Each structure stands twice: as C-alpha cells, then as structure tokens.
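Structure assessment
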Amino acid sequence: MEDRYSLQAQANSWMITSAPFFQGLPETAVESALTHLVTRTHPANQVILLENDWGGSVYFIMDGWVKIRTYNLEGKEVTLNIIGKGELFGEMAALDEAPRSTDVITLAPTVIGSMPAQDFVKLLQIEPLAGVRLAQLMARRLRQVNRRLRLRESDSQSRVADTLLFLAEGQGKKGQTGTEIPNLPHRELSSLSGLARETVTRVLTRLEKKGLIKRDQDTICIPDLSALERMIV
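Residues numbered from 1 in each chain as written. Predicted model: local features only at pLDDT ≥ 70, side-chain atom pairs only at ≥ 80, totals over all residues. Heavy atoms only, no water.

Taking an unreviewed UniProt entry as the reference, the protein chain is identified by name as Crp/Fnr family transcriptional regulator belonging to Nostoc cf. edaphicum LEGE 07299.

Now the structure itself:
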C-alpha cells in the first residue's frame, strides 16, 4: 500500500514539475514550493472557484481542462479563456490579495494541484526566473484577449477561425495529421467567439468541407494552421 501511494506521489510530482512555469527553475526551489501541494481529481462541470471568493491558493492543471468565465451586464455567461494541462490559474488573487475575479469550472475530468498562495509568492520572491515565467504567461493571455477584442467586429468565419487558433496556441498538440485541440461543446465555442451556437455549428461545417479542420468525437485537427489563419479577415 505504501509503495502504491509513493508511486502516485512521484507521478504527481513529475506531472506538475513538467509544467512550463517550472522549466529551468532550481530543483530545490521547486521541491520547497511544492511541499504543501494538494492534488485532487474533479469530475466534469465542477466549480473550482467562484467570482468574489477570497483566494488562498494557486492552481496547476495536471490533466484535463477548465474554462474561466464571468457574466456580462445582462447576466449572460462569457467564457474568457479555456486552459489545460500545464497551465495555472488563481495567480491574480494570490498576488494582489483580492477576491477572485472569475469563476473556474472543469470541462472534463481534471486533475488539479493547489499550492498555498504564500508558497507561490515566496517562490516568485526568491527565484527571478519564476517571476519572468509568470510575466510571460500574463503577457500571452493579454495578447490573446486583445486579439479577440479586435476581431469582435469581424465576420463569423474569422471569429470562429480565430477561436480555434486561440485554442491551438494554448492547448494544441502535434498529431500525425496536424495540430489537435479538444472538440469542445459548441456552446463553449459560442461563448468564446461571442457568436450564436447555431452560427458556430454552420461555420465549423463550412471549415470542415474546405478541409481546414477535421473533427471526431474528442478532437478537432487543424492540418495547416497558416491556412486557417488566412481565413481571418
């Protein structure tokens, strides 16, 4: 029994230290930061964080993916981001000691490691590269939001294509025939792109007929990212 738990702990440690945020950091600093890490498995559609909650942890996705959402003035759900394995969330509340600004909900069975906020902040204080990694992450997310805002007045095809490229940048994996991303429910793609679900469905069908994407039950494959990007006007 003890060996089984030991092997599981080693597997969890490898999963989280393989995240881009920890790459290049001294092993001793990482081990110290992960001393109080707690790993949990969550089912799909489970709320991990709620807006306005006070945050005491930073979260690392070890497997699966989550959506980050808020609501507009009319009470309509708006998906701000979808992030997966190797990503982190909850860092803003840890840094400015303020309530959470968004909800976070699992989209699939997801394994998440939670690190006490004080351990995360201490790592940033003693390891400059950790601060650089976090700044790079936040800059990338801001750049993605800016791009999506610029495309809000574009046609539906451009907005769906950009949403797929957005997911490919964050969650894309190289497959034998192209870049693979999760085949999310159309309601999630609708919320990300700001389009009606029916419109998203029609555009995806059109892109598939043109050979720009290939779909199966679990994934969407993009054979040529550049070709899809040329559809954005």
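**Quick look at the packing of aromatic side chains**
Each pair of aromatic rings is reported with the distance of its centres and the angle of its planes. Taken as a whole and assessed by the stated rule, the structure comprises 5 aromatic pairs. For the pair phenylalanine 22 and phenylalanine 60, a centre-to-centre distance of 5.1 Å together with 35° between the ring planes defines the contact as tilted. Note that phenylalanine 22 is positioned in the loop between helix 1 (2-17) and helix 2 (27-33) and phenylalanine 60 in strand 3 (residues 57-63), a separation of 38 residues in sequence. For the pair phenylalanine 22 and phenylalanine 60, one class covers both residues: buried. One aromatic cluster in this structure is built from Phe21, Phe22, Phe60 and Phe120. (Phe/Tyr/Trp six-rings, centres within 6.5 Å; stacked < 30°, edge-to-face > 60°. Helix = DSSP H or I, 4+ residues; strand = E, 2+ residues; numbered from the N terminus. Buried < 20%, exposed > 50% of the residue type's maximum accessible area, 1.4 Å probe, protein only.)

**Re the pairing of strand 3**
Where burial is concerned, most of strand 3 is hidden: 6 out of the 7 residues are buried. As paired strands, strand 3 and strand 6 (residues 88-89) are joined by 2 bridges and run antiparallel to one another. Paired with tyrosine 59 across the strands is phenylalanine 89, a residue of strand 6. (Pairing = 2+ DSSP bridges.)

**Focus on the sheet that holds strand 6**
Strands in a sheet are paired, the pairing made by backbone hydrogen bonds, and the direction either parallel or antiparallel. Across the sheet, 4 strands lie side by side as 1-8-3-6; this open sheet has antiparallel pairing. Edge positions in the sheet fall to strand 1 (38-42) and strand 6, since each of these pairs with one other strand and no more. Pairing analysis gives 6 bridges linking strand 3 to strand 8 (residues 110-116), with the strands arranged antiparallel. Directly across from tyrosine 59, in strand 8, lies its bridge partner serine 114. Where helix 4 (residues 117-126) meets the sheet, it contacts strand 3 and strand 8, and its direction lies at approximately 70° from that of strand 8. (Contact = heavy atoms within 4.5 Å. Axes fitted to C-alpha atoms, helices over the stretch in contact; angles between N-to-C directions.)

**What about helix 7 (residues 186-193)?**
Note on helix geometry: an α-helix contains 3.6 residues per turn, so any two residues three or four positions apart are oriented the same way. In terms of residue burial, helix 7 counts as a mostly covered element, since 6 of its 8 residues are buried. Those residues of helix 7 not exposed but buried are Glu188, Leu189, Ser190, Ser191, Leu192 and Ser193. Turning to helix 7, the residues buried within the fold contact strand 4 (65-71), strand 5 (77-84), helix 5 (128-150), helix 6 (156-171) and helix 8 (197-209). Immediately downstream of helix 7, the backbone of glycine 194 shows phi near 75°, a positive value.

**Section: the side chain of lysine 67**
Locating lysine 67 in the fold gives a position in strand 4. Engagement of the side chain of lysine 67 in a polar contact is seen with the side chain of glutamate 77, the distance being 2.6 Å. For lysine 67, the contacting residues outside a window of four places in its chain are Glu77, Thr79, Asn81, Ile82, Asp103, Val104, Ile105, Leu107 and Glu188. (Polar contact = N/O pair within 3.5 Å; in protein donor to acceptor, adjacent residues only side chain to side chain.)

**Topic: helix 5**
An ideal rise of 1.5 Å per residue puts 33 Å on 23 residues; helix 5 measures up with 33 Å between its terminal C-alpha atoms. Residues Ala130, Leu134, Leu137, Arg141, Gln144 and Arg148 constitute the buried set of helix 5. (Expected span 1.5 Å × (residues − 1).)

**A look at the pattern of salt bridges**
Within the structure shown, the criterion is met by 9 salt bridges. The salt bridge involving lysine 67 is made with glutamate 188; its shortest N-O contact spans 3.2 Å. Taken together, the residues lysine 67 in strand 4 and glutamate 188 in helix 7 connect sequence positions 121 residues apart. Glutamate 91 is the partner of arginine 141 in a salt bridge, and the nearest nitrogen-oxygen pair spans 3.6 Å. With arginine 141 in helix 5 and glutamate 91 in helix 3 (residues 91-96), this residue pair connects regions lying 50 residues apart in the sequence. Since its relative accessible area comes to 5%, glutamate 91 is described here as buried. (Salt bridge = Lys/Arg side-chain N within 4 Å of Asp/Glu carboxyl O.)

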